[in-house]
Amino acid sequence: MPEIVLQTKSLSKRYKNFTALDNVNMTVYHKDIYGLIGRNGAGKTTIMKVITNLTEKSGGEYEIFSKTGAAAEKEKKRIGCLIENPAFFGGLTAYQNLKYYALQKGITDKKQINEALALVNLTEVRNKKFRKFSLGMKQRLGIALAVMDNPDLIILDEPINGLDPIGISQLRDTFRKLNTERGITLIISSHILSELYMVANRFMIIEKGRVLKEITKEELDLECMRCHVVQTDDTKHAATVLEQKLNISNYKVIDSGELRIYDENVKAEELNKQLILNDVNVTGIYETGISLEDYFKSLVEEVG
């Protein structure tokens, strides 16, 4: 089991009569690219602000690198974040802006500035003034600031918001580079599941401050993949019939009452016939499979 970098337990945040976070449980492992998905106002930013001390929690707790309380506060020096846009100076170059913040952070090694610019592919424009940067370049400079003091965890709030397709693609490459070359764990929020699907390996979907689902990319693929669903009160017997009578091995038992069959050549009529002939009590059989957007909407609609 990989190291747990961040874990929340019943984390809550209330503002008078409004509950922004409602008993949030989430687990982020070392080298995850963890996608935090939710509509605007769902609670994504509030989670990030609580973890980074930009706001106080109302209840629950969280662990950072297996530390809680005062010990966890000391571990926060291992976190880099881009939650609210840093105040870069338009008349200064990319390098000069980072140098300014390096001095504030007590970083004296100029090598760290150059490495941060290289990681986000801004070396060639290091002497270009910030006011001449595109939105994507500004976002990448913000990430350079977040990685400049060599964090083990980076938290990014809606970094792809407003970017064009080229800017989004460049930023995805940056995320992968930070993750694979530096071994940095990332938490990235977005309201667009399909965008984070391209880069994240685990996801948490949140709505109205409540966690709807925490899911791996592999599990998400299975949830959305086209398949035949068999509902029965005896999945064990049904699985035996699939394998022995229909030569089907590409299936998954979801729970005690449901199997999903991913074999594209399966015909519902033959499937139903063989199950019934072999004394399997079939209570339902249908074909399913949805897009990422529809999957997200179906979860959100369940909570109104």
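This text follows the structure it describes.
This is a predicted model, so every value here is computed, not measured.

Caption draft 1: Up close: the overall build of the protein. Assigned secondary structure in the protein consists of 11 helices and 13 strands. Expressed along its principal axes, the backbone C-alpha trace of the protein runs to roughly 75 × 45 × 35 Å. Residues classed as buried in the protein amount to 47% of the 304 residues present. Just so you have it, the protein exposes about 15,400 Å², and 45% of that area is on carbon and sulfur atoms. Each charge sign in the protein was given a centre, from 42 positive and 41 negative side chains, and these centres are 11 Å apart.

Caption draft 2: Focus on a positive patch on the surface. Together, K128, K129, R131 and K132 line one region of the surface with positive charge. Here K128 falls in the partly exposed class, since its relative accessible area comes to 31%.

Caption draft 3: Representation of the sheet that holds strand β12 (residues 258-261) within the structure. Spatially, β11-β12-β10-β13 is the arrangement adopted by the four strands of the open sheet, whose pairing is antiparallel. Here the strands that pair on one side only, and so sit at the sheet edges, are β11 (251-255) and β13 (282-288). Taken pair by pair, the neighbouring strands of this sheet meet at an average axis angle of 20°, ignoring direction. In the sheet, β11 pairs with β12 via four bridges, with the strands oriented antiparallel. The partner of Y251 across the bridge, within β12, is I261. Contacts between helix α9 (residues 235-245) and the sheet are confined to β10 (227-232), β11 and β12, with β12 contributing the most and set at about 25° to the helix. In the packing of helix α10 (residues 268-277) onto the sheet, the strands contacted are β10, β12 and β13, and the crossing angle to β13 comes to about 160°.

Caption draft 4: Examining the packing of aromatic side chains more closely. A complete count under the given rule lists five aromatic pairs for this structure. Look at F88 and F130: their rings are 5.2 Å apart centre to centre, the planes differ by 50°, and that puts the pair in the tilted class. On the criterion of sequence distance, the pair formed by F88 in the loop between β5 (79-82) and α3 (94-105) and F130 in the loop between α4 (110-119) and α5 (135-147) is long-range, its members being 42 residues apart. Ring plane angle 80° and centroid distance 5.1 Å describe the contact between Y100 and Y101, whose orientation is recorded as edge-to-face. Residue class for Y100 comes out partly exposed when judged on its relative accessible area of 34%. Joined through ring pairs, the aromatic side chains of F88, F89, Y100, Y101, F130 and F133 make up one cluster. Positioned above the aromatic ring of F65, the side-chain terminus of R78 is 3.6 Å from the ring centre.

Caption draft 5: Highlighting the pairing of strand β3 (residues 33-37). The buried fraction of β3 is high, at five of five residues. Both faces of β3 are covered, namely the face carrying I33, G35 and I37 and the face carrying Y34 and L36. Pairing of β3 with strand β7 (residues 185-190), which is carried by five bridges, proceeds in the parallel orientation. From the neighbouring strand, I37 faces β7, where its bridge partner is S190. In this sheet, strand β8 (residues 202-207) lies alongside β3 in parallel orientation, the contact comprising four bridges. Bridging across to β8, I37 finds its partner in I205.

Caption draft 6: Highlighting the packing of α5 against helix α6 (residues 165-182). The geometry of α5 relative to α6 is characterised by a closest axis approach of 11 Å and an angle of 15° between their N-to-C directions. By the angle between their directions, the pair α5 and α6 is classed as roughly parallel. Crossing of α5 against α6: the hand is right-handed. Where α5 abuts α6, its residues Q139, R140, I143 and V147 lie against Q170, L171, T174, F175 and L178. Residue classes in the contact of α5 with α6 are distributed as five nonpolar, three polar and one charged.

Caption draft 7: Looking closely at the side chain of S190. Residue position: S190 is located in strand β7. Looking at S190, its side chain comes within polar contact range of the main-chain nitrogen of I192, at 3.0 Å. S190 has contacts with L36, I37, G38, K44, E158, I160 and L196, leaving out every residue within four places of it along the chain.

Caption draft 8: Representation of the environment of D255 within the structure. Relative to the helices and strands, D255 is located in strand β11. For D255, a relative accessible area of 41% corresponds to the partly exposed category. Considered as a pair, D255 and Q231 are 24 residues apart in the sequence and their alpha carbons are 9.8 Å apart. From its side chain, D255 meets the backbone nitrogen of E258 in a polar contact 3.1 Å long.

Rules behind the numbers
Residues numbered from 1 in each chain as written. Predicted model: local features only at pLDDT ≥ 70, side-chain atom pairs only at ≥ 80, totals over all residues. Heavy atoms only, no water. Helix = DSSP H or I, 4+ residues; strand = E, 2+ residues; numbered from the N terminus. Buried < 20%, exposed > 50% of the residue type's maximum accessible area, 1.4 Å probe, protein only. Areas by Shrake-Rupley, 256 points an atom, 1.4 Å probe, with all protein chains shown as cover. Lys, Arg positive; Asp, Glu negative; His and termini not counted. Charge placed at Lys NZ, Arg CZ, Asp CG, Glu CD. Patch = residues over 30% accessible without salt bridge, like charges linked within 9 Å, V, L, I, M, F, W, Y side chains within 5 Å. Salt bridge = Lys/Arg side-chain N within 4 Å of Asp/Glu carboxyl O. Pairing = 2+ DSSP bridges. Axes fitted to C-alpha atoms, helices over the stretch in contact; angles between N-to-C directions. Contact = heavy atoms within 4.5 Å. Phe/Tyr/Trp six-rings, centres within 6.5 Å; stacked < 30°, edge-to-face > 60°. Lys NZ or Arg CZ within 6 Å of the ring centre and 35° of its normal. Parallel < 35°, antiparallel > 145°, perpendicular 65-115°, else oblique. Left-handed = near helix turned anticlockwise from the far one by under 90°. Nonpolar A, V, L, I, M, F, W, Y, C, P; charged D, E, K, R; others polar. Polar contact = N/O pair within 3.5 Å; in protein donor to acceptor, adjacent residues only side chain to side chain.

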